[in-house]
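# Remarks on the overall topology
What follows is the residue order along each chain.
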Amino acid sequence: AFAAVAILARAAVVGIGLPEWVFPGALIVMAMGLPVLLFTGLVHHQSRMAHTVLTLTPGGSRQQYSTVTQLSVRASPHVTWRRTAIGGAVAMGIFVLSIAGYMAMRMMGIGPAGSLLAAGVLDQRAPVLVAEFQSGGQDTLLGSVVTEAFRTDLGQSRAVTAVQPVFIREALQRMQADPNTKLTAEVARELATREGIKLVVDGEVSPVGAGYLLSARLVSPASGEILAAFRETASSGDDLIPAIDRLSKRTREKIGESIKAVRASPPLEQVTTGSLEALRRYTQAVDPLMEYDRGLQLLEEAIALDTTFAMAYRRLGTMHANRGEMARARPMIERAYAYRERLPALEKYLTEGSYWGTAMGDRPRAIAAYEAALEVSPTNLTALNNVALQYLAKQDYIKAEEYLARAVATDSMFLSGHLNLVFAQVSNGKLQDARRTMDVAVRRFPASAELFSTDMDLRYMEGDTSYRQRIAAAAPRMRSANERLILANLASGMALLEGKLSEFHRIQAEIAPLARSRTVRPALVDFRNSMDSAAIAFLLLKDRQKAAARFDGLLRSSAFRELPPAERRYLDLANAAALLGRTQQARDLLQQWDTNATPAQRNEAGEERRAVQGVILMSEQRYADAATEIRAALDGPCPLCALPVLGMAYDSAGMRDSVVTVYERFLGSTDMRRVWQDRFFLQAIRERLAELYEQRGDRARAAAHLSDFIEDWEGADAELQPRVRAARANLARLRAAGTS
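For clarity, every value in this text was computed on a predicted model and none was experimentally measured.

## Some thoughts on the overall build of the protein
In terms of regular secondary structure, the protein is built from 37 helices and six strands. Radius of gyration (C-alpha) of the protein: 37 Å, far over the 27 Å computed for a compact globule of 740 residues. Counting only C-alpha atoms, the protein reaches 155 × 55 × 50 Å along its principal axes. Scored against the burial criterion, the 740 residues of the protein give a buried share of 50%. The long-range fraction of contacts in the protein, counting pairs at least 24 apart against all pairs at least 6 apart in sequence, stands at 59%. Accessible surface computed for the protein: about 34000 Å², of which carbon and sulfur atoms make up 54%. Within the protein, the 82 negative side-chain charges are centred at a point lying 4 Å from the centre of the 89 positive side-chain charges.

What follows is the structure, given as structure tokens:
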């Protein structure tokens, strides 16, 4: 019976999620029954011996029974096996009722056993703010380390949502406080009250001899009432993380999370790291004040200390990916993915989303991972934003807008959400909605250079010609290296749109050193500038010989040789070679791409590769096949990018009506990338449409396209003025013919 009860109790603790004290409690109850069983057995044994065994003295008289035997005889009518069994059952029943009462009180929020969710203090999925743990002693960083680990463990909860640092920074800005203000218990209470957060967790960590004493409190921010308090001790630094784990799990149980779910969460030694020093460096790296390069170094040191530190790998990969350094990002994301089973559910799904989306370019799997993350945490901004980006790449702009609207509604200070929502709304043809979103964002983020750049792109789509004046007015407030780069790229792009080639080259030359210093691949900056130079010669100057010379110079350059094969943009090079009529060279470059492309590049650029294949076929005068291949690219992430070359293919095939249809679709498209495509293709498309409409006898439309061409390039460089003069002459002729 003892063994059966012990097994049943352990099974209930593990399978049902009963409190840990149930198992030792059951053993104690059964152990308490052991003396009763022994006493019952003794009574019955002694009583039976007294009644069945006759013992005589040497003189022949009956021997007097011992005191124990006499007591046993007297007790035997009352101490029976039946009563003992009933007593044991009653004791176990009382214990079971105690468990049921405890669980009922927990579920109903009654008494000290009641959870905060059941008591109505919190709602399911409510945000919980973790204040900075105060640290005693000399180690001032220790509090931040414990806070990060505690927030990580609380982030595993499916009952509540741990408020993330990005939200804290933005909330501090709404309080008109320094976004880097330390989140002490007092500041946390004020922030939580302002933001409608109903629970704050604060605590302390203090050295005690060779170990540490940790404490945590659950506080109502509105009243300051301490709803619960817990303590744990760590015998040494090596025991600190397990102690944090125990403390956070007790906290989660009190909040109201299922005890079974709390136990099922991986321990912090896995989720975070078993190395306190690795966790220390990770905590420093994720500090918002940390410089980018120093943050990378700290994460690399953390990984060196714990080679299974999944969160550090993921963070490092994300930082590289945000800079566009995919050759460095992929290995880190792949390592994080390899240790994904060590992560809590939310982090696991986010890591899988990064792996499938960034490392492998598999959109369906990336979407599935991010949507699984949203099932765990419906308001997670990373998942909402990233799943929307995947839908944008699929051209499912409606779904993308839906997710981004949710992100902005979740956090009105989510800058990336606003930027991407504008893109989705423009892609859906909702220019007025995009303008409203942009105006709100400009009021909320007046100092954001990224937002200013997106606003300029939107104004271009809206036909606002004041962009040059706005860029000049913004220059004084753009002081950081990143802001200066953004502004310079805007200015150079606008110069190219106006045909001011010398100004474009001057700006690019001026910012090249700064751009090189901001990337681990300086050669990539020179490579892109050389590609732009060759494209300008071919598409704007229409000088095939100069374009070919610049193209050959690029292939011989040190910038090209220094780049890893996977980053040499062989698709762009193959496309350029085909446009120059170098069919075999184009095929060789395309083969180089096939050989060196990563799995992600193959998945992401499948449609683009078909477009390049189409341009090669066009150079072989296989125009129908070329058009078929290029049309396939219209289903890719950038359908706008394929339209100019599709028009060229139709033009080469003599399909004039199709050319007009494709070029008008290009001019009428609502896509934030129009400004970058227009730099190279817009004016040539207008010139060609003017010719085709004149051939149709539609002088009005021909004249309209020529007027737009002249207006944009009126101040163009001398190299382009022959085309402007020819456009003026054609416009004058059309107008004269229209009035005659």
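## What to know about unusual backbone geometry
The phi torsion at Gln395 lies on the positive side, around 65 degrees, for a residue other than glycine. Within the secondary structure layout, Gln395 lies in the loop between helix H17 (381-393) and helix H18 (397-410). On the basis of relative accessibility, which here comes to 26%, the residue Gln395 falls in the partly exposed class. Although it is not a glycine, Lys542 sits at a positive phi angle of roughly 55 degrees.

## Focus: the pattern of salt bridges
Tallied over the entire structure, the rule returns 47 salt bridges. Here Arg250 and Glu232 are joined by a salt bridge, their closest N and O atoms 3.3 Å apart. Within this pair, whereas Arg250 is found in helix H8 (residues 240-255), its partner Glu232 is found in strand E6 (residues 226-234), the two being separated by 18 residues in sequence. A relative accessible area of 34% means that Arg250 is categorised as partly exposed. Among the ionic pairs, Arg435 bridges to Asp439, the shortest N-O distance being 2.9 Å. Taken together, the residues Arg435 and Asp439, both in helix H20 (residues 431-444) and four residues apart, mark about one turn of the helix. Take Asp439: its relative accessible area is 31%, and that puts it in the partly exposed class. Taken together, the shared-partner salt bridges in this structure form one network comprising Arg435, Asp439, Asp455, Arg459, Glu462, Asp464 and Arg470.

## Remarks on the environment of Ile486
Relative to the helices and strands, Ile486 is located in helix H23 (residues 481-497). A sequence separation of 23 residues divides Ile486 from Ala509, and the C-alpha atoms of the two residues are 15 Å apart. The residues contacting Ile486, other than those within four sequence positions of it, are Ala449, Glu450 and Ser453.

## Overview of the nonpolar core
By size, the foremost hydrophobic cluster in this structure holds 79 residues, and its most contacted members are Ile536 and Leu573. At nine residues, helix H25 (residues 522-540) tops the list of elements feeding residues into this core. Among all residues touching Ile536, those that are not within four sequence positions of it are Leu496, Leu501, Phe504, His505, Leu541 and Phe680.

## A short note on a nonpolar patch on the surface
Together, Leu34, Leu37, Leu38 and Trp81 give the surface a local cluster of nonpolar side chains, amounting to about 420 Å² of exposed area. Counting residues per element, the nonpolar patch draws most heavily on helix H2 (residues 22-52), which supplies three residues. Its place among the elements puts Leu37 in helix H2. The class for Leu37 is partly exposed, based on a relative accessible area of 44%.

## What about the pairing of strand E4 (residues 200-208)?
Moving residue by residue along a regular strand, the side chains alternate between the two faces of the sheet. The pairing of strand E1 (residues 126-130) with E4 spans two bridges and is parallel. Residue pairing across strands places Leu129 opposite Val200, the latter belonging to E4. Bridge count for strand E2 (residues 134-135) against E4 is two bridges, and the pairing is parallel. The residue of E4 that forms the bridge with Gln134 is Glu204. In this sheet, strand E5 (residues 211-219) lies alongside E4 in antiparallel orientation, the contact comprising nine bridges. Bridge pairing links Asp202 to Arg217 in E5.

## Description of the state of the cysteines
Enumeration according to the criterion identifies one disulfide in this entry. With its sulfur 1.9 Å from that of its partner, Cys638 forms a disulfide with Cys641. Here the disulfide of Cys638 and Cys641 is right-handed, its torsion about the S-S bond being about 75 degrees.

## Here we look at the pairing of E5
E5 sits mainly inside the fold: seven of its nine residues count as buried. Adjacent in sequence and paired antiparallel, E4 and E5 are bridged by two residues, among which Gly209 carries a positive phi angle near 65 degrees. Hairpin connection between E5 and E6: a loop of six residues separates the two successive antiparallel strands, and Gly224 in this loop has a positive phi of roughly 80 degrees.

## A few points about helix H26 (residues 544-556)
Between the first and last C-alpha of H26 there are 18 Å, a value that for 13 residues agrees with the 18 Å anticipated at 1.5 Å per step. Inspection of H26 places Ala547, Ala548, Phe551 and Leu554 among the buried residues, and these make up the whole buried set. An end-on view of H26 places all buried positions within 120 degrees of arc, on one side of the element. Turned more than 90 degrees away from the buried face of H26 sit Gln545 and Arg556, all of them exposed. Elements that come into contact with the buried residues of H26 comprise H25, helix H27 (558-562), helix H28 (570-579) and helix H29 (583-596). You can read the cap of H26 off the contacts: a side-chain oxygen lies 3.3 Å from the backbone nitrogen of Gln545, and it is on Asp543.

## A short note on the packing of H18 against helix H19 (residues 415-427)
The N-to-C vectors of H18 and H19 enclose an angle of 150 degrees; their axes lie 9 Å apart at closest approach. The orientation of H18 relative to H19 falls into the category roughly antiparallel. Here the hand of the crossing between H18 and H19 comes out left-handed. Counted together, Tyr397, Ala400, Glu401, Leu404, Ala405 and Val408 of H18 and Gly417, His418, Asn420, Leu421, Ala424, Gln425 and Ser427 of H19 form the full contact between these two elements. Tallied by class, residues from the contact of H18 with H19 come to seven nonpolar, five polar and one charged.

## Looking at the packing of helix H33 (residues 639-652) against helix H35 (residues 674-696)
Put simply, H33 and H35 touch, their axes get as near as 10 Å, and they point 25 degrees apart. The angle between the axes of H33 and H35 places the two elements in the roughly parallel class. Of the two elements, H33 crosses H35, and the hand of that crossing is left-handed. Along the contact surface, H33 presents Leu640, Cys641, Pro644, Met648 and Asp651, while H35 presents Arg674, Gln677, Phe681 and Arg688. Class assignment for the residues of the contact of H33 with H35 results in five nonpolar, one polar and three charged.

What counts as what
Residues numbered from 1 in each chain as written. Predicted model: local features only at pLDDT ≥ 70, side-chain atom pairs only at ≥ 80, totals over all residues. Heavy atoms only, no water. Helix = DSSP H or I, 4+ residues; strand = E, 2+ residues; numbered from the N terminus. Rg over C-alpha atoms; globule rule 2.2 N^0.38 Å. Buried < 20%, exposed > 50% of the residue type's maximum accessible area, 1.4 Å probe, protein only. Contact = heavy atoms within 4.5 Å. Areas by Shrake-Rupley, 256 points an atom, 1.4 Å probe, with all protein chains shown as cover. Lys, Arg positive; Asp, Glu negative; His and termini not counted. Charge placed at Lys NZ, Arg CZ, Asp CG, Glu CD. Salt bridge = Lys/Arg side-chain N within 4 Å of Asp/Glu carboxyl O. Core = buried A, V, L, I, M, F, W, Y, C linked by side-chain atoms within 4.5 Å. Patch = residues over 30% accessible without salt bridge, like charges linked within 9 Å, V, L, I, M, F, W, Y side chains within 5 Å. Pairing = 2+ DSSP bridges. Disulfide = S-S within 2.5 Å. Expected span 1.5 Å × (residues − 1). Arc of directions from axis to C-beta. Polar contact = N/O pair within 3.5 Å; in protein donor to acceptor, adjacent residues only side chain to side chain. Axes fitted to C-alpha atoms, helices over the stretch in contact; angles between N-to-C directions. Parallel < 35°, antiparallel > 145°, perpendicular 65-115°, else oblique. Left-handed = near helix turned anticlockwise from the far one by under 90°. Nonpolar A, V, L, I, M, F, W, Y, C, P; charged D, E, K, R; others polar.

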